[in-house]
Amino acid sequence: MQSLKDIWGNIIEFLTSVGEIFTTNLFSLGKSDITLGTILYFLVSFLVLTFVAKRFRNLLVNKILVKANVEKGARNSIGLITRVMIMFVGSIFIVQSAGIDMSSLSLLAGALGVGIGFGLQNITDNFISGIIILFEKPIKVGDRIVVGDTEGDVINISVRATTILTNENVSIIVPNSEFISSRVINWSHNDRNIRFDIPVGVSYSEDPVAVREVLLKVASENEHVLKHPAPHVFFDEFGDSSLNFTLAIWTSTHTDKPRRLKTELYFEIFQKFKEKGIEIPFPQRDIYIKSNVEPTPLQK
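Please read these numbers as outputs of a predicted model, since none were measured by experiment. (Residues numbered from 1 in each chain as written. Predicted model: local features only at pLDDT ≥ 70, side-chain atom pairs only at ≥ 80, totals over all residues. Heavy atoms only, no water.)

S.K.: Sorry, what's going on with the sheet that holds strand β3 (residues 144–147) here?
M.R.: Where strands meet in a sheet, backbone hydrogen bonds hold them as pairs that are either parallel or antiparallel. What the 5 strands build is an open sheet, ordered β6-β5-β4-β3-β7; its pairing is antiparallel. Edge positions in the sheet fall to β6 (171–175) and β7 (184–186), since each of these pairs with one other strand and no more. Strand-to-strand twist of the sheet, defined as the mean angle between neighbouring strand axes without regard to direction, takes the value 40°. Of the pairings in the sheet, the one linking β3 to strand β4 (residues 150–157) comprises 4 bridges and is antiparallel in character. The residue of β4 that forms the bridge with Val146 is Glu151. (Pairing = 2+ DSSP bridges. Helix = DSSP H or I, 4+ residues; strand = E, 2+ residues; numbered from the N terminus. Axes fitted to C-alpha atoms, helices over the stretch in contact; angles between N-to-C directions.)

Structure below.
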């Protein structure tokens, strides 16, 4: 049997060989030697850094800023920027604590700059656009917007893209650069009060005053139409086949469902016109054919 001294010597020899594995130079980065231990240190340190940054961001957004009565969009912006700063500063600290000479990374930084300039233009553009959106707030979480042919509610804003939820419950990921370079309609930028125009046409035989009274009555009876500002009826024009009016109404509950509100109003308008005997015309054309050509006599 081996003595205790021999067993202890074997343990020391094993630990020494394991230590040599983790301290053996794999490659050099400038003046710094990279070992397996260095790589393991990086992996563990960045996992811990990511965990800490995420937990601190959640604590800041869901606890501290909530108690400070900061609005949701501003909370998300502050939380995102704070997490990025923690990751940036922590990454520099980890690299320096591992004994890596930062000057040796100049070549890598130059190559990365070239890559960003050529291969990562869109990512960089979206990142910078996301920072602009987070600070200037042309849009924020909860806004009803239209960008291009996409309409919906903003549910998330990140540094790369913005998530829009449509009425069909479909999430659309829109790159942030589109909000900076394209025209964006924000229905709720100032508040949720939005005006909708409802075009209505009636026959030339109808009384415009009676039509206005019916339209205003329909608007006043709808619970989703605001009393202030009050609904208004515009007499737009004498059309080809009809007298054309516009019922202008304000709402704060159907900003994201304009078609539903218009449908309700049109159903009521049709019913009221039917009760009052007000005619809704359809396009008509009268064709008169004139001919100055003398009839050709029949030949025998």
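More follows now that the structure is in view.
S.K.: Quick question: what am I supposed to make of helix α7 (residues 208–221) here?
M.R.: It helps to recall that an α-helix has 3.6 residues per turn; residues three or four apart then point in one direction. Relative to the 20 Å expected for 14 residues at 1.5 Å per residue, α7 spans 20 Å between its end C-alpha atoms, a close match to the ideal helical length. When we look at burial in α7, the residues that qualify are Val211, Val214, Leu215, Val218 and Ala219. The buried residues of α7 occupy one face: seen down the axis, they fall within an arc of 130°. N-capping of α7 is provided by Asp207, with a side-chain oxygen placed 3.2 Å from the backbone N of Val209. (Expected span 1.5 Å × (residues − 1). Buried < 20%, exposed > 50% of the residue type's maximum accessible area, 1.4 Å probe, protein only. Arc of directions from axis to C-beta. Polar contact = N/O pair within 3.5 Å; in protein donor to acceptor, adjacent residues only side chain to side chain.)

S.K.: Got a minute to help me understand helix α5 (residues 121–136) in this structure?
M.R.: An ideal rise of 1.5 Å per residue puts 22 Å on 16 residues; α5 measures up with 22 Å between its terminal C-alpha atoms. Here α5 has its buried residues at Asn126, Ser129, Gly130, Ile133 and Leu134. Seen from one end, α5 has its buried residues packed into an arc of 135°, which puts them on one side. Among the exposed residues of α5, those pointing more than 90 degrees away from its buried face are Phe135 and Glu136. Looking one or two places after α5, you find Lys137, whose phi comes out positive at around 55°.

S.K.: What should I look at first to understand the packing of aromatic side chains in this one?
M.R.: Following the criterion strictly, the structure yields 4 aromatic pairs and no others. With a centroid separation of 6.1 Å and an interplanar angle of 50°, the aromatic rings of Trp187 and Phe196 are classed as tilted. When the centroid spacing of 5.3 Å and the interplanar angle of 50° are considered together, the rings of Phe235 and Phe238 count as tilted. For Phe235, a relative accessible area of 38% gives the class partly exposed. (Phe/Tyr/Trp six-rings, centres within 6.5 Å; stacked < 30°, edge-to-face > 60°.)

S.K.: Can you help me understand the sheet that holds strand β10 (residues 243–251) in this one?
M.R.: Taking strand neighbours across the sheet as the criterion, the 3 strands line up as β8-β10-β9 in an open arrangement whose pairing is antiparallel. In the strand order of this sheet, the two ends are held by β8 (194–202) and β9 (232–238), each with one partner. Taken pair by pair, the neighbouring strands of this sheet meet at an average axis angle of 25°, ignoring direction. Both β8 and β10 contribute to a ladder of 9 bridges, which runs antiparallel. Of the residues in β10, the one forming a bridge with Val200 is Phe245. Sitting on the sheet, α7 touches β8, β9 and β10, and the angle it makes with β10 is about 25°. Strand contacts of helix α8 (residues 258–276): β8 and β10, with the helix running at about 35° to β8, the strand carrying the most contacts. (Contact = heavy atoms within 4.5 Å.)

S.K.: Even after reading the chapter, I still don't get the side chain of Asn244, so can you show me in this structure?
M.R.: By the secondary structure assignment, Asn244 is in strand β10. Ignoring any residue separated from it by four or fewer positions in sequence, one finds Asn244 in contact with Val200, Gly201, Phe234, Phe235, Asp236, Glu237 and Gly239.

S.K.: Help me understand unusual backbone geometry, please; the structure alone is not making it clear to me.
M.R.: Peptide bonds are mostly trans, and most non-glycine residues show a negative phi. Omega for the bond connecting His228 with Pro229 falls within 30 degrees of zero, at 0°, which places this linkage in the cis form. You can see Pro229 is positioned in the loop between α7 and β9. Even without being glycine, Asn169 reaches a positive phi, approximately 65°. Inspection of the secondary structure assignment puts Asn169 in the loop between β5 (161–165) and β6. For Asn169, a relative accessible area of 62% gives the class exposed.

S.K.: Can you help me understand the nonpolar core in this one?
M.R.: As a rule of thumb, soluble globular proteins bury nonpolar side chains together. The biggest cluster of nonpolar side chains holds 21 residues, and the ones touching the most others in it are Leu215, Leu247, Ile249 and Phe273. When residues of this core are traced back to their parent elements, those giving at least two are β8, α7, β10 and α8. Filtering out sequence-adjacent residues up to four positions away, Leu215 remains in contact with Val200, Val233, Phe245, Leu247, Ile269 and Phe273. With 12 residues, the next largest nonpolar core counts Ile145, Val154, Ile164 and Phe179 among its residues. (Core = buried A, V, L, I, M, F, W, Y, C linked by side-chain atoms within 4.5 Å.)

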